[in-house]
Amino acid sequence: GRIERLQSPNDLVLESLTVQTPDRSRVLIRNLSLVVPQGDHLMIVGSSGSGKSSLLRAVAGLWQAGSGRIFCPGLSDIMFLPQQPYLQAGKLRDQLLYPHRHLNVCDEDLLHLLIRVRLAHLAAQPADLQTARDWDRILSVGEQQRLAFARVLLHRPLFTVLDEATSALDVSVQAQVLEVV
């Protein structure tokens, strides 16, 4: 079996979803059905190794081992924020625009995003957005996570799937960042 993905204009719907490990040796989630309307929040908690991240990967379209159906908007309308965000060497502007680097966004808007996620120290003026660095090496994990939240604010997806995406932030910063997204 394979998890079937179908288009849904607004809601996220899991229908009889069973999630297995990629080698199909273990069932992690069995026969889960739920509806998450656009704009609602859902928190999934459980012990380590219980399948939370696997479920989120299935929702994000990254995991297909199992059965059942996931109805959701297109993958371009979902952003997946893992615990360790994806960054690469390059311009700060490109890190903010990822994964849609060809968006036409003015520098002032990007600088404002950095302020909103408490990263104003990375760019004081528009020219700083053109600075190329190895960002995953020079930013702390907490700064990387805040940069990922800036992407969410910029792209405004219908759904954002967080997999421990605030684990490196202190409680006050977590609250502030989650409040703005």
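Everything below is about the structure printed above this text.
Everything numeric in this text was worked out from a predicted model, so none of it was measured.

*Asks:* When you look at the nonpolar core in this model, what are you seeing that I'm missing?
*Replies:* Note on soluble globular proteins: their nonpolar side chains tend to be buried together. In terms of nonpolar packing, the biggest core is built from 29 residues, with L81, L92, L96, L110, L114, L129 and L147 touching the most fellow members. For this core, the elements supplying multiple residues, two or more each, are β5 (78-81), α2 (92-97), α3 (107-116), α5 (141-155) and α6 (171-180). No other element matches α5, which puts seven residues into this core. In contact with L81, not counting residues within four places along its chain, are A148, F149, V152, T160, V161, L162, D163 and A165. Core analysis: the second largest hydrophobic core is formed by 19 residues, L12, L28, V59 and F159 among them.

*Asks:* Please clarify how the environment of L114 should be interpreted in this entry.
*Replies:* Considering the arrangement of structural elements, one finds L114 in helix α3. Sequence separation of L114 and F149 is 35 residues, and the distance between their C-alpha atoms is 9.6 Å.

*Asks:* Looking at this structure, I do not really get the environment of A132. What am I missing?
*Replies:* Its place among the elements puts A132 in strand β7 (residues 132-134). Residue classification places A132 among the exposed residues on the basis of a relative accessible area of 57%. With 49 residues separating them along the chain, A132 and V181 place their C-alpha atoms 27 Å apart.

*Asks:* Is there a simple way to think about a nonpolar patch on the surface in this case?
*Replies:* A cluster of nonpolar side chains, L162, L178 and V181, forms an exposed patch at the surface whose accessible area comes to about 210 Å². Positionally, L162 belongs in strand β8 (residues 159-162). Exposure remark for L162: the relative accessible area of 33% places this residue in the partly exposed category.

*Asks:* Just checking my understanding: could you explain the packing of α3 against α5 for this structure?
*Replies:* In a packed pair of helices, the relevant descriptors are the angle between the two axes and the axis-to-axis distance. Here α3 crosses α5 at 130°, and the two axes come no closer than 9 Å. Relative to α5, α3 is oriented oblique. Once α3 is placed against α5, the crossing between them reads as right-handed. Here α3 contributes L110, L113, L114 and R116 to the contact with α5, which in turn contributes L147, A150, L153 and L154. Among the residues making up the contact of α3 with α5, the classes are represented as seven nonpolar, no polar and one charged.

*Asks:* When you look at the sheet that holds strand β1 (residues 4-7) in this model, what are you seeing that I'm missing?
*Replies:* If you walk across this open sheet you meet the four strands as β1-β4-β2-β3, and the pairing is mixed. Each having just a single partner strand, β1 and β3 (27-36) make up the two edges of the open sheet. Geometrically, the sheet is characterised by an average inter-axis angle of 10° between neighbouring strands, direction not taken into account. As judged from the six bridges shared by strand β2 (residues 12-20) and β3, these two strands associate in the antiparallel manner. Looking at the pairing, V19 lines up with I29 of β3. Set on the sheet, helix α1 (residues 52-59) makes contact with β1, β2, β3 and β4 (66-72); between it and β2 the angle comes to about 125°.

Cut-off values and rules
- Residues numbered from 1 in each chain as written.
- Predicted model: local features only at pLDDT ≥ 70, side-chain atom pairs only at ≥ 80, totals over all residues.
- Heavy atoms only, no water.
- Core = buried A, V, L, I, M, F, W, Y, C linked by side-chain atoms within 4.5 Å.
- Buried < 20%, exposed > 50% of the residue type's maximum accessible area, 1.4 Å probe, protein only.
- Helix = DSSP H or I, 4+ residues; strand = E, 2+ residues; numbered from the N terminus.
- Contact = heavy atoms within 4.5 Å.
- Patch = residues over 30% accessible without salt bridge, like charges linked within 9 Å, V, L, I, M, F, W, Y side chains within 5 Å.
- Areas by Shrake-Rupley, 256 points an atom, 1.4 Å probe, with all protein chains shown as cover.
- Salt bridge = Lys/Arg side-chain N within 4 Å of Asp/Glu carboxyl O.
- Axes fitted to C-alpha atoms, helices over the stretch in contact; angles between N-to-C directions.
- Parallel < 35°, antiparallel > 145°, perpendicular 65-115°, else oblique.
- Left-handed = near helix turned anticlockwise from the far one by under 90°.
- Nonpolar A, V, L, I, M, F, W, Y, C, P; charged D, E, K, R; others polar.
- Pairing = 2+ DSSP bridges.

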